[in-house]
Amino acid sequence: MGRVTVRRPVRMLTSNGERTRPDALAAEEPLELRVAGAPLAVTMRTPGNDVELAHGFLLSEGVIGDREDVLTARYCAGTDDDGRNTYNVLDVALSPGVPGPDPGVERNFYTTSSCGVCGKAALDAVRLSTRFSPAEADFPVTPEMLSALPDALRERQKVFASTGGLHAAALFTADGTLLDVREDVGRHNAVDKVLGKALLDGSIPAADRGLLVSGRASFELVQKAAMAGIPLLAAVSAPSSLAVELAAEQGMTLVGFLRGSSMNVYTGGDRVAET
């Protein structure tokens, strides 16, 4: 299995001079996802939790909605120069009766770690319809609880602490308890991993959970949350205009610039108590 971090020598220049020392880097390797042997997508990700990533990806694409929809998820062909398995090709077999991915929403064969929907073959297919609408979910929260989330997340970002180069995503309860936390070089991969874990645990739809992300709130992250039935997305950084538009359409609460005791509530303000 690929390592989460890689050590490389670095020439460090400071006002006190320079020195060479080893530096820990976040690992980045391609993962090819296949369904029934047919290539579906390649994403650059941090190795680890690949089965969760695959489940979360297929959930957010509307292919599956339950752990029983997947029969098996196995590593397959893919070797390095020494003939060793790279663990960079994962093949998912869907359960009998579960339709495969719609050809109309197939991704281009390659997507980067920073982009979750830029590889879509058709822009009209970007707005996926969720089978778990978050609009009616009762998820009351307080500003005080939300403001404590970023510090709690940072404490559990073990790889970020050593590399400074990973995004993080976490699911949390209405009282502020952080549940599963996942890190990845791609923010959408981190979200797929944490959603895949919830799906494997039988916790989808996740109407009783919020999603916290360490960076900005993009359209694709709002869409992934909606596909999992999550009523609230909180981001440390800014949302995009399309993210706000989609959150409003889906009846979700979208919080951005979650820093210290301040935050912006863009949509679904009825779930956030007044200060």
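Remember, predicted model here, so these are calculated numbers, not experimental data.

### Observations concerning the sheet that holds strand β4 (residues 38-45)
Spatial ordering of the open sheet is given by β4-β3-β6-β5, a layout of four strands whose pairing is mixed. Each edge of the open sheet carries a strand with a single partner, namely β4 and β5 (70-75). For this sheet the average axis-to-axis angle between neighbouring strands, irrespective of direction, equals 20 degrees. The pairing of strand β3 (residues 29-35) with β4 spans seven bridges and is antiparallel. Across the sheet, residue P30 finds its bridge partner in β4, namely M44.

### Side note on the pattern of salt bridges
Under the defined criterion, the tally for this structure stands at eleven salt bridges. In this structure, K224 engages D192 in a salt bridge whose closest nitrogen and oxygen atoms are separated by 2.8 Å. With K224 in helix α5 (residues 219-227) and D192 in helix α4 (residues 187-200), this residue pair connects regions lying 32 residues apart in the sequence. Assessed through its relative accessible area of 0%, D192 is described here as buried. Put simply, D180, K197 and D201 are held in one network by salt bridges that share partners.

### Considering the packing of aromatic side chains
Considering all chains together, one arrives at two aromatic pairs under this definition. A centroid spacing of 5.1 Å and a plane angle of 90 degrees characterise the contact between Y75 and Y87, whose relative ring orientation is edge-to-face. Placement of Y75 in strand β5 and of Y87 in the loop between β5 and β6 (89-94) is noted, with a sequence separation of twelve residues between them.

### A look at the packing of helix α1 (residues 50-60) against α4
Helix-helix packing: each pair is described by the crossing angle between the helix axes and the interaxial distance. Direction vectors running N to C along α1 and α4 enclose 90 degrees, while the axes themselves pass 6 Å from each other. Classified by the angle between their axes, α1 and α4 sit roughly perpendicular to one another. Facing α1, whose interface residues are V51, E52, L53, H55, G56, F57, L59 and S60, α4 presents N189, D192, K193, L195, G196, K197, L199 and L200.

### A short note on α1
Burial analysis of α1 places ten of its eleven residues in the buried class, which makes it a mostly covered element. All of the buried residues along α1 are D50, E52, L53, A54, H55, G56, F57, L58, L59 and S60. Immediately beyond the C-terminal end of α1, within one or two residues, lies G62, with a positive phi of roughly 80 degrees.

### So, the packing of α5 against helix α6 (residues 241-250)
Here α5 crosses α6 at 20 degrees, and the two axes come no closer than 8 Å. Here α6 runs roughly parallel to α5, going by the angle between their axes. For the pair α5 and α6, the sense of crossing is right-handed. On the side of α5, the interface is formed by F219, V222, Q223 and A226, while α6 contributes L242, A243, L246, A247 and Q250.

### Overview of the side chain of T43
Positionally, T43 belongs in strand β4. Looking at T43, its side chain comes within polar contact range of the side chain of N189, at 3.4 Å.

Calculation notes
Residues numbered from 1 in each chain as written. Predicted model: local features only at pLDDT ≥ 70, side-chain atom pairs only at ≥ 80, totals over all residues. Heavy atoms only, no water. Pairing = 2+ DSSP bridges. Helix = DSSP H or I, 4+ residues; strand = E, 2+ residues; numbered from the N terminus. Axes fitted to C-alpha atoms, helices over the stretch in contact; angles between N-to-C directions. Salt bridge = Lys/Arg side-chain N within 4 Å of Asp/Glu carboxyl O. Buried < 20%, exposed > 50% of the residue type's maximum accessible area, 1.4 Å probe, protein only. Phe/Tyr/Trp six-rings, centres within 6.5 Å; stacked < 30°, edge-to-face > 60°. Parallel < 35°, antiparallel > 145°, perpendicular 65-115°, else oblique. Contact = heavy atoms within 4.5 Å. Left-handed = near helix turned anticlockwise from the far one by under 90°. Polar contact = N/O pair within 3.5 Å; in protein donor to acceptor, adjacent residues only side chain to side chain.

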